[in-house]
Amino acid sequence: MAESPLLQIEDLRAYLFTRGSVVRAVDGVSFSVNEGETLGLVGESGCGKSMTCLAIMRTLPAPSGRIVAGRIRFQGVDLVGVSEAEMRTYRGRRISMILQDPNTSLNPVLTVGEQVAEPMRWHQQVQGKDLKRRVVEALRRVKIPAPEMRVGDYPHQMSGGMRQRVVGAAALACEPHLLLADEPTTALDATVQAQYLALLKDIQEQAHLAIIFVTHDFGIVAHMCDRVAVMYAGKIVETAPVKALFHHPSHPYTVALLNSVPKLRERVDRLYSIEGEPPPVDQVIPGCSFAPRCPSPEERCSREPPPTMDLGDSHHANCWKLA
Amino acid sequence: MQRYILARLVQALVMLIVVSVIVFGVARMTGNPVDVYLPVDVSPEQREEEVHRLGLDRPIYVQYGIFVSGLLRGDLGESVKFRKPVSTLIRERLPNTASLVLLAIAIALVLAFPLGIIAALRQGGPWDVAARVSALLGQSVPTFWGGIMLMLVFAVQLGWLPVARKESLASYVLPALTIALFGFMLAGVVRLLRTSLLEVLDSEFVKFARIKGLPEYVVILKHALRNALIPVVTFVGMYFGILLAGSVTVETVFAWPGIGRLAYEAVRWRDYPVIQSVVLVAATIIIMTNLVVDILYGYLDPRIRYGRSG
């Protein structure tokens, strides 16, 4: 296992600078993704999952969002340092991303064919008949029925599931090495969701694609991911191979998250939920940001940031109680 | 779409009938045209005779009937003041207004598009502030005053351009600039484009276009601008109709032989046939431009073209 990871993120910090306040959306995140691997990025809404993805793409909301520190090493190149022009040769070509809502991520006034064609035209200078053929191929790859007939369709003429397939086709058109999937199935019906996940898995196997799968659904994590990183308040609190995470969750936040997943075979009167709320996004917390909600905090938890504990088998957790 | 257009045309016809009745009645409330042009010491008999010559002694519904039956035969009547057929007058004047307004809109759009786009892209920056301040000024300065100021500086003081009237191509410059700068056009387009572009730039599909690695100019000109254009097209279309129908102020200030000035003169002279016809022509123009705007939407937004809200 001497291969170097496809993507290695070290101490990434991406802040949102708004009038009078700084939101530390991504606050010292480190993780890595190997080729062909799926990393699950889980955590509740607003914990910085999506911002981490946008930081990797370097498409943070302008002008408030900025990467302030850290490294994003992709195939040996630190993306934080490259020029905007060079970054464009990565976006949509070597790294791509699927957004959450297929209803809003396609341009309503352009045909789906055109939207799938764009990355190939700009990155690979494909034109004319070749481009048309490649677009149909790309749509066929995401299993859109009769793709020749659909290239001229507008997004509103398609169902949500079909639209998300089109988004997938556009994102994967240039066969990137890494796909950031930001809750791609959250807006879809359960059955459509299952089909979409199966499709992603198929494509991943064929193309040896690495995926960062952002989700808050542990069912999807179990189904799709090789490893998991759990995020809380802009930080990663635990990373582990998927089995280890389910069998030995170590960080109290992970434990609480897993507890809040309802189980089919148990009857309960009340679903479990984590007490309290995540800290205000623009507040700097000296210690562990989960301490205020932790069921058994220690005195030092709110004073000093917790160390990263190596639990063996590439299982890490940031918690004082494991020290 | 055809059914829709047909329905709109029927609607337009009804509106024109209503407009014709109203303008016919209102014009007659202002008084009698003969009192404007006959000498004050005219004898009652002579006055009576003149009123009879114009047919104004007949019951108002008969007058309306004559007007409408003439209209249907393409006869708009004869101007009381100019002693010419109204249709000839309109045919002489309308092209002057249309060319002036088209030029004004072209100037306004050429200035407004870059300003609106820069203002949106550099939100809060000096260009944005400049664009917004000039929009505010353009909106709040009255047209007649703005026109007179331009005239004073460029025609009277500097002597670069003709003061008034339509004598050469250079005569177009000042009235066209006045309409473009102070007639709400530039200001409206800049503000609308800025707001609507800011909204679109914040959308997920613009984010996705960037994620695909498209150059920024493609993201803005192809993905964002077309979506941001819909309110702008509405505004320009409506305003085009309004300007065609009534650049009364500018045409009066610059003594421009257009339809707006004709309307102004007609009202001063209580020239009923001209008032009626000009208002009807104006109403027709406005209704038609609105229809064209609606059809244009379909080209800009396929969701409208295919009759679904998406």
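Please read these numbers as outputs of a predicted model, since none were measured by experiment.

Chemist: When you look at the overall build of chain B in this model, what are you seeing that I'm missing?
Modeler: Of the regular secondary structure elements, chain B holds 15 helices and zero strands. In terms of principal-axis extent, the alpha carbons of chain B reach across some 85 × 55 × 30 Å. Out of the 310 residues belonging to chain B, those deemed buried represent 36%. A separation of at least 24 residues holds for 72% of the contacts in chain B among residues at least 6 apart in sequence.

Chemist: It is not clear to me how the overall build of chain A should be interpreted in this structure. Could you clarify?
Modeler: On a plain count of helices and strands, chain A comes out with ten helices and twelve strands. Against the 2.2 N^0.38 benchmark of 20 Å for 323 residues, chain A shows a C-alpha radius of gyration of 20 Å, consistent with a compact globule. Taken along its principal axes, the extent of the C-alpha atoms in chain A is 70 × 50 × 45 Å. Scored against the burial criterion, the 323 residues of chain A give a buried share of 46%.

Chemist: So what exactly am I meant to see when it comes to the sheet that holds strand 2 (residues 21–33) of chain A here?
Modeler: Backbone-to-backbone hydrogen bonds pair the strands of a sheet. The strands run either parallel or antiparallel. Residue and element names in this part refer to chain A. With antiparallel pairing, four strands are arranged side by side in an open sheet as 2-1-4-5. Pairing within the sheet leaves two strands with one partner each, and these edge strands are strand 2 and strand 5 (77–78). Sheet strands touched by helix 1 (residues 49–57): strand 1 (7–18), strand 2 and strand 4 (65–74). Its angle to strand 2, the strand with the most contacts, is close to 75°.

Chemist: Can you help me understand the sheet that holds strand 7 (residues 178–182) of chain A in this one?
Modeler: Residue and element names in this part refer to chain A. Pairing within the open sheet is mixed, and its eight strands lie in the order 6-7-8-3-9-10-12-11. Of all strands in the sheet, those with a lone pairing partner are strand 6 (95–98) and strand 11 (308–310), marking the two edges. With direction set aside, neighbouring strand axes in the sheet form an average angle of 20°. Relative to strand 7, strand 6 is paired through four bridges, and the arrangement is parallel. The residue bridging I95 from the neighbouring strand is L178, located in strand 7.

Chemist: So what exactly am I meant to see when it comes to unusual backbone geometry here?
Modeler: Peptide bonds are mostly trans, and most non-glycine residues show a negative phi. A cis amide bond links A62 of chain A to the next residue, P63 of chain A, at an omega of -5°. Of note, P63 of chain A is situated in the loop between helix 1 and strand 4. Although it is not a glycine, E175 of chain A adopts a positive phi angle of roughly 50°. When you line up the elements, E175 of chain A lands in the loop between helix 6 (160–172) and strand 7. When the 16 C-beta atoms within 10 Å are taken as the criterion, E175 of chain A is described as partly exposed. The phi dihedral of R270 of chain B is positive, around 45°, even though this residue is not glycine. Mapped onto the fold, R270 of chain B is located in the loop between helix 13 (259–268) and helix 14 (272–300).

Chemist: What's the story with the interface of chain A and chain B in this structure? I'm lost.
Modeler: For interface size, the figure often reported is the accessible area lost on association. Listed as interface residues are 24 residues of chain A and, on the opposing side, 22 residues of chain B. At the level of elements, strand 6 and helix 3 (112–124) of chain A are the ones that each hand at least two residues to the side of chain A that touches chain B. Looking at the side of chain A that touches chain B, the element that brings in the most residues is helix 3 of chain A, giving four residues. Along the lines of polarity and charge, the residues of the side of chain A that touches chain B split into ten nonpolar, nine polar and five charged.

Chemist: Looking at this model, I keep getting lost on the confidence of the model for chain B. Mind explaining?
Modeler: Regions with low pLDDT should not have their predicted coordinates read in detail. All names here are of chain B. Considering every residue of chain B, the mean pLDDT works out to 88; 97% of them sit at 70 or more. The lowest-confidence element of chain B is helix 15 (residues 302–305), averaging 76 in pLDDT; the highest-confidence one is helix 10 (residues 204–211), averaging 95. Here the complex is predicted with pTM 0.83, and the ipTM for its interfaces comes to 0.92.

Chemist: Please clarify how the nonpolar core should be interpreted in this entry.
Modeler: Generally speaking, soluble globular proteins have nonpolar side chains that are buried together. By size, the foremost hydrophobic cluster in this structure holds 164 residues, and its most contacted members are V116, I212, F213 and V230 of chain A together with V189, V190 and V278 of chain B. Both of domain 1 (5–94 + 176–272) and domain 2 (104–175) of chain A provide at least three residues apiece to this core. Apart from the residues within four sequence positions on either side, F213 of chain A is in contact with T38, L39, G40, L41, A181, I220, M224 and C225 of chain A.

Chemist: What's the story with the pairing of strand 2 of chain A in this structure? I'm lost.
Modeler: The side chains of a regular strand alternate, first on one face of the sheet and then on the other. All names here are of chain A. Where strand 1 lies against strand 2, nine bridges are found, and the strand directions are antiparallel. Looking at the pairing, L7 lines up with V33 of strand 2. Counted between consecutive antiparallel strands, the loop separating strand 1 from strand 2 contains two residues, among which G20 sits at a positive phi close to 80°.

Chemist: Can you walk me through the domain arrangement of chain A in this structure?
Modeler: Residues and elements named next belong to chain A. Partitioning chain A into structural domains gives domain 1 (5–94 + 176–272) and domain 2 (104–175). One C-alpha centre belongs to domain 1, the other to domain 2; they are set 25 Å apart. Contacts between the two partners involve twelve residues from domain 1, matched on the other side by twelve residues from domain 2. In terms of residue count, helix 7 (residues 190–207) provides more of the side of domain 1 that touches domain 2 than any other element does, five residues in total. Here the side of domain 1 that touches domain 2 is built from residues that sort into ten nonpolar, one polar and one charged.

Chemist: Looking at this structure, I do not really get the packing of helix 1 (residues 2–29) of chain B against helix 14 of chain B. What am I missing?
Modeler: When two helices pack together, their arrangement is captured by the angle between the axes and the distance separating the axes. Residue and element names in this part refer to chain B. Two numbers describe how helix 1 lies on helix 14: the axes approach to 9 Å, and their chain directions differ by 155°. Taken as axis vectors, helix 1 and helix 14 run roughly antiparallel relative to one another. For the element pair helix 1 and helix 14, the recorded crossing hand is right-handed. Every residue of helix 14 that contacts helix 1 at R8, A12, M15, L16, V19, S20, V23, F24, A27 and R28 is listed here: Y272, I275, Q276, V279, L280, A283, T284, I287 and L291. Grouping the amino acids of the contact of helix 1 with helix 14 by side-chain chemistry returns 14 nonpolar, three polar and two charged.

Thresholds applied
Residues numbered from 1 in each chain as written. Chains lettered and ligands numbered in written order. Predicted model: local features only at pLDDT ≥ 70, side-chain atom pairs only at ≥ 80, totals over all residues. Helix = DSSP H or I, 4+ residues; strand = E, 2+ residues; numbered from the N terminus. Buried ≥ 20, exposed ≤ 12 C-beta atoms within 10 Å, placed from the backbone. Contact = placed C-beta atoms within 7 Å. Rg over C-alpha atoms; globule rule 2.2 N^0.38 Å. Pairing = 2+ DSSP bridges. Axes fitted to C-alpha atoms, helices over the stretch in contact; angles between N-to-C directions. Nonpolar A, V, L, I, M, F, W, Y, C, P; charged D, E, K, R; others polar. pLDDT = per-residue confidence, 0-100. Core = buried A, V, L, I, M, F, W, Y, C linked by C-beta atoms within 7 Å. Domains from an automatic or database assignment. Parallel < 35°, antiparallel > 145°, perpendicular 65-115°, else oblique. Left-handed = near helix turned anticlockwise from the far one by under 90°.

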